[in-house]
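Each chain, written out:
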Amino acid sequence: MAQVTSHPLDSDPGPRFDRCVDRAHALLRKAADQWGLGDPEQPPTGDVLEAILRVFEKERFLRRGRRA
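Residues numbered from 1 in each chain as written. Predicted model: local features only at pLDDT ≥ 70, side-chain atom pairs only at ≥ 80, totals over all residues. Heavy atoms only, no water.

Points about the environment of Arg19
Operational definition: Each helix is a run of H or I in the DSSP string that is no shorter than four residues. Each strand is a run of E no shorter than two, and both are numbered from the N terminus. Note on classification: 1.4 Å probe, protein chains only; a residue is buried when its accessible area is under 20% of the maximum for its type, exposed when over 50%, partly exposed between these limits.
Tracing the backbone through its elements, the reader meets Arg19 in helix 1 (residues 13–35). Residue classification places Arg19 among the partly exposed residues on the basis of a relative accessible area of 30%.

Remarks on unusual backbone geometry
The amide bond that connects Gln42 to the next residue, Pro43, takes the cis arrangement and shows omega of 5 degrees. Positionally, Pro43 belongs in the loop between helix 1 and helix 2 (45–58).

Quick notes on the pattern of salt bridges
Going by this rule: Salt bridges are defined by distance alone: a side-chain nitrogen of Lys or Arg within 4 Å of a carboxyl oxygen of Asp or Glu.
Per the counting criterion, the structure on display carries three salt bridges. We note a salt bridge from Arg16 to Glu59, for which the minimum N-O separation is 2.9 Å. With Arg16 in helix 1 and Glu59 in the segment after helix 2, this residue pair connects regions lying 43 residues apart in the sequence. A relative accessible area of 17% places Arg16 in the buried class. Judged by relative accessible area, Glu59 falls into the buried class, the value being 18%. For Arg64, the salt bridge goes to Glu57, with nearest N and O atoms at 3.1 Å. On the basis of relative accessibility, which here comes to 26%, the residue Arg64 falls in the partly exposed class. Connected via shared salt-bridge partners are Glu50, Glu57 and Arg64.

Considerations on helix 2
Definition in use: In this analysis, the expected span of each helix is defined as 1.5 Å times one less than the number of residues it contains. An arc is given here, and it is the one of the directions from the helix axis to the C-beta atoms. Contact definition: two residues touch when any of their heavy atoms are within 4.5 Å.
Its 14 residues place the ends of helix 2 20 Å apart at the C-alpha level, agreeing with the 20 Å of an ideal helix rising 1.5 Å per residue. Listed as buried for helix 2 are Val48, Ala51, Ile52, Val55 and Phe56. The arc enclosing the buried residues of helix 2, seen along the axis, measures out at 135 degrees, which places them on a common side. Contacts from the buried residues of helix 2 go to helix 1.

In structure tokens, the structure reads:
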């Protein structure tokens, strides 16, 4: 009799979320390296935050409301 095993699909929320977290960490590491060079405003913290939020938006873990 064949044994059925369960492997998470790439489209499952768990692996997708883990990939988002990995991408967010990569963005933060890159920004921290740049900040460590001496200018704490390059890259601007707002830009880094926006890039991280876009990662989660793209995978539909985050949906932003309308801005005023």
